[in-house]
Amino acid sequence: MIELKTQIPGPKSLNLMERRKNAVARGPFHTTPIFAQKAEGAWIVDVDGNRLLDFSSGIGVVNVGHSPKLVVESAKTQLDHFIHTSFNVVAYENYVAVCEKLNSAMPGNFPKKSFLANSGAEAVENAIKIARAATHKQAVVCFQHAYHGRTYMAMSLTAKAKPYKYGFAPFNSEVYRAPFPYAYRWPTTSQPEKVAEECFEELRNLIQSEIGINQVAAVIIEPVLGEGGFVPAPKKFLSSLREFCSENKIILIFDEVQCGFGRTGTLFACEQLGVTPDLLVSAKGIAAGLPLSAVTGKAEIMDAPMEGGIGGTYCGNPVACAAALAVFQEWNQGEIVKNTKTLEKILTERTEHWLRSFPVVGDVRGLGPMRAIELVQDRSSKTPHPETVKQLIKFAYEHGLILMSAGTFGNVIRFLPPLCIQEKELNQGLEIVEKGLEKISY
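Right, let's walk through the structure included here. What you see is a predicted model, and the numbers here were worked out from it, not measured in a lab.

**Comments concerning the overall build of the protein**
- Within the protein, the regular secondary structure consists of 14 helices and 15 strands.
- Taking 22 Å as the expected radius of gyration for a compact globule of 442 residues, we find that the protein reaches 21 Å, a close match to that expectation.
- Counting only C-alpha atoms, the protein reaches 60 × 60 × 45 Å along its principal axes.
- Among the 442 residues that make up the protein, the fraction classed as buried is 55%.
- A fraction of 71% describes how many contacts in the protein between residues 6 or more apart in sequence connect residues 24 or more apart.
- Of the charged side chains in the protein, 46 are positive and 45 negative, and the gap between their average positions amounts to 4 Å.

**Re the sheet that holds strand S8 (residues 251-255)**
- With mixed pairing, the 7 strands of this open sheet are ordered in space as S4-S10-S9-S8-S7-S5-S6. The two strands at the open ends of the sheet, each matched to only one other strand, are strand S4 (112-117) and strand S6 (175-178). Ignoring which end each strand starts from, the neighbouring axes of this sheet average 20° apart.
- Relative to S8, strand S7 (residues 216-221) is paired through 4 bridges, and the arrangement is parallel.

**Some thoughts on the sheet that holds strand S11 (residues 361-367)**
- Spatially, 4 strands are ordered S11-S12-S15-S14 in an open sheet, and the strand pairing comes out antiparallel. At either margin of the open sheet sits one strand with a lone partner, and together these are S11 and strand S14 (404-406). Neighbour-to-neighbour, the strand axes of the sheet open up by a mean angle of 30°, direction not taken into account.
- Pairing geometry for S11 and strand S12 (residues 370-375), over 6 bridges, is antiparallel. Paired with Leu367 across the two strands is Met370, which belongs to S12.
- Across the face of the sheet, helix H13 (residues 386-398) comes into contact with S12, S14 and strand S15 (412-415) while running at roughly 40° to S15.

**Here's the deal with the packing of helix H7 (residues 192-211) against helix H8 (residues 235-247)**
- For the pair H7 and H8, the least separation of the axes is 8 Å and the interaxial angle reads 30°. By the angle between their directions, the pair H7 and H8 is classed as roughly parallel. Here the hand of the crossing between H7 and H8 comes out right-handed. Contacts from Glu193, Ala196, Glu197, Cys199, Phe200, Leu203, Arg204 and Ile207 of H7 reach H8 at Lys236, Phe237, Ser240, Leu241 and Phe244.
- When the residues that make up the contact of H7 with H8 are grouped by side-chain class, the tally is 8 nonpolar, 1 polar and 4 charged.

**Some details on the packing of aromatic side chains**
- All told, the structure shown has 13 aromatic pairs when counted by the stated rule.
- With a centroid separation of 5.8 Å and an interplanar angle of 80°, the aromatic rings of Phe200 and Phe244 are classed as edge-to-face. Here the residue Phe200 occupies a position in helix H7, and Phe244 occupies one in helix H8, the gap between them amounting to 44 residues. The pair Phe200 / Phe244 is uniform in exposure class, with both members buried.

**Structural notes on the state of the cysteines**
- This model, assessed by the stated rule, comprises 0 disulfides.
- With no disulfide of its own, Cys270 lies closest to Cys259 among cysteine sulfurs, the gap being 8.1 Å.

**Comments concerning a nonpolar patch on the surface**
- Taken together, Tyr152, Phe168 and Phe171 make up a surface patch of nonpolar side chains, about 270 Å² in accessible area.
- Looking at the secondary structure, you find Tyr152 in helix H6 (residues 152-157).
- Residue Tyr152 is classed as partly exposed on the basis of its relative accessible area, which comes to 40%.

**Digging into the nonpolar core**
- Counting residues in hydrophobic clusters, the biggest one holds 136 residues, and the most contacted among them are Phe237, Ile253, Leu403, Phe415 and Leu437.
- Each residue touching Phe237, except ones within four places of it in the same chain, is listed here: Phe143, Pro181, Ala196, Cys199, Phe200, Leu203 and Ile221.

**Quick word on helix H12 (residues 335-357)**
- Helix length check: H12, at 23 residues, gives a terminal C-alpha distance of 33 Å against a target of 33 Å (1.5 Å per residue), a fit within 8%.
- Among the residues of H12, those classed as buried are Ile336, Asn339, Thr340, Leu343, Ile346, Leu347, Thr348, Arg350, Thr351 and Trp354.
- Taken together, the buried residues of H12 touch helix H11 (318-332), S11, S12, S15 and helix H14 (423-441).

**Quick look at the packing of helix H4 (residues 93-105) against H11**
- Where H4 contacts H11, the two axes come as close as 9 Å, and the packing angle between them is 35°. Between H4 and H11 lies a crossing whose hand is left-handed. From H4, Asn94, Tyr95, Ala97, Val98, Lys101, Leu102 and Ala105 reach across to H11, where they touch Pro318, Cys321, Ala322, Ala324, Leu325 and Phe328.
- In terms of residue class, the contact of H4 with H11 is made up of 11 nonpolar, 1 polar and 1 charged.

**What about unusual backbone geometry?**
- Across the junction of Lys162 and Pro163, the peptide omega takes the value 5°, indicating a cis bond.
- Looking at where Pro163 falls in the secondary structure, it is placed in the loop between H6 and S6.
- Of note, the bond from Ala169 into Pro170 is cis; its omega dihedral lies within 30 degrees of zero at 5°.
- Along the chain, Pro170 falls in the loop between H6 and S6.
- One non-glycine residue, His145, lies in the positive phi region at around 70°.
- Considering the arrangement of structural elements, one finds His145 in the loop between strand S5 (139-143) and H6.
- In this structure, Lys249 takes a positive phi of about 55° despite not being glycine.

Criteria and thresholds
Residues numbered from 1 in each chain as written. Predicted model: local features only at pLDDT ≥ 70, side-chain atom pairs only at ≥ 80, totals over all residues. Heavy atoms only, no water. Helix = DSSP H or I, 4+ residues; strand = E, 2+ residues; numbered from the N terminus. Rg over C-alpha atoms; globule rule 2.2 N^0.38 Å. Buried < 20%, exposed > 50% of the residue type's maximum accessible area, 1.4 Å probe, protein only. Contact = heavy atoms within 4.5 Å. Lys, Arg positive; Asp, Glu negative; His and termini not counted. Charge placed at Lys NZ, Arg CZ, Asp CG, Glu CD. Pairing = 2+ DSSP bridges. Axes fitted to C-alpha atoms, helices over the stretch in contact; angles between N-to-C directions. Parallel < 35°, antiparallel > 145°, perpendicular 65-115°, else oblique. Left-handed = near helix turned anticlockwise from the far one by under 90°. Nonpolar A, V, L, I, M, F, W, Y, C, P; charged D, E, K, R; others polar. Phe/Tyr/Trp six-rings, centres within 6.5 Å; stacked < 30°, edge-to-face > 60°. Disulfide = S-S within 2.5 Å. Patch = residues over 30% accessible without salt bridge, like charges linked within 9 Å, V, L, I, M, F, W, Y side chains within 5 Å. Areas by Shrake-Rupley, 256 points an atom, 1.4 Å probe, with all protein chains shown as cover. Salt bridge = Lys/Arg side-chain N within 4 Å of Asp/Glu carboxyl O. Core = buried A, V, L, I, M, F, W, Y, C linked by side-chain atoms within 4.5 Å. Expected span 1.5 Å × (residues − 1).

Listed below in structure tokens is the structure:
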């Protein structure tokens, strides 16, 4: 087990949380009650000197680890040159270089261009703007269990009401929601192939009967649900969706904000799923914690908005771009890629062991090392059990491990360790999870 200097939270964290309550708006949530002092690799040291293993990666952001030397040095070098000019006023090379890297990395044998923004939500908003400009159509189809961000279009595309949408209506118009092929909770069958077929038929019926095929600008989907519970879309469903969009001149957008930049073991999840979108949205892991996001896609689609139609004061900040170039360098060196295979094997074997051992574990799933467990009251009813998840997260941080929940019903534990985490560290964290499962199961 991990040795801690104080109980969690310690006195300094408790004091800071009181200050936070008095000074900061209620809205931002907290998974743990601690305040960070330092972070490196897969570890966070809090203000009380407690060293905690991080299985959250800042919500899937520090895929190459906390404060990797190459990223830190690249950002510092850029800071010595300049912090900001605005790409719209005085351009700089590393914005162009990041776009070149993204264009080269995205699958697809066609010319590509990229646009840089600040956050995943902002990139999603711009992807929709680009699709509408390119097609001269308005309707957008999204999916159940989706999460695309908190700005108004992104929030309209997001499925879960509380806490993301509650009290913020009215939402954007011409947004339509289709079922997602969530096999564990599909009403008629749990066989992925059959789920893919039935789900696609519902999507097609929605578009044909409620929208009109010639009115749809875009379909946006997470190839692996993030906040929705780490559910990979079946390859068959995505290939059917790709064919349908191509036949009907609908732009297919993949939101890889959480599942991109190595999280599934390849730079982008779509590489493993065998389907190439028209537009690819990335953020989170792209710059190891500095605010940066991107839309990458077919050049003729990306060029649809008029000059000045997309952009922003801070979009593609030069310090964030420097960090992103270092992230690409870290990824291309190959060590992290190799490590993801080890992480995938360990996480898969351990979670499947829990499925056999603990009745509270109803389902385990994922793609590559991006894995999750879904907790239920009992397996026959599959009734979600979010309280159990809260208990497990609390047990974990009290024993030195940071975990995060997910899922439409709040009953999923997602595993998001930095992809540089060592085998010993991963097993150390998983032992804490297992002890927590033992405690809450009996």
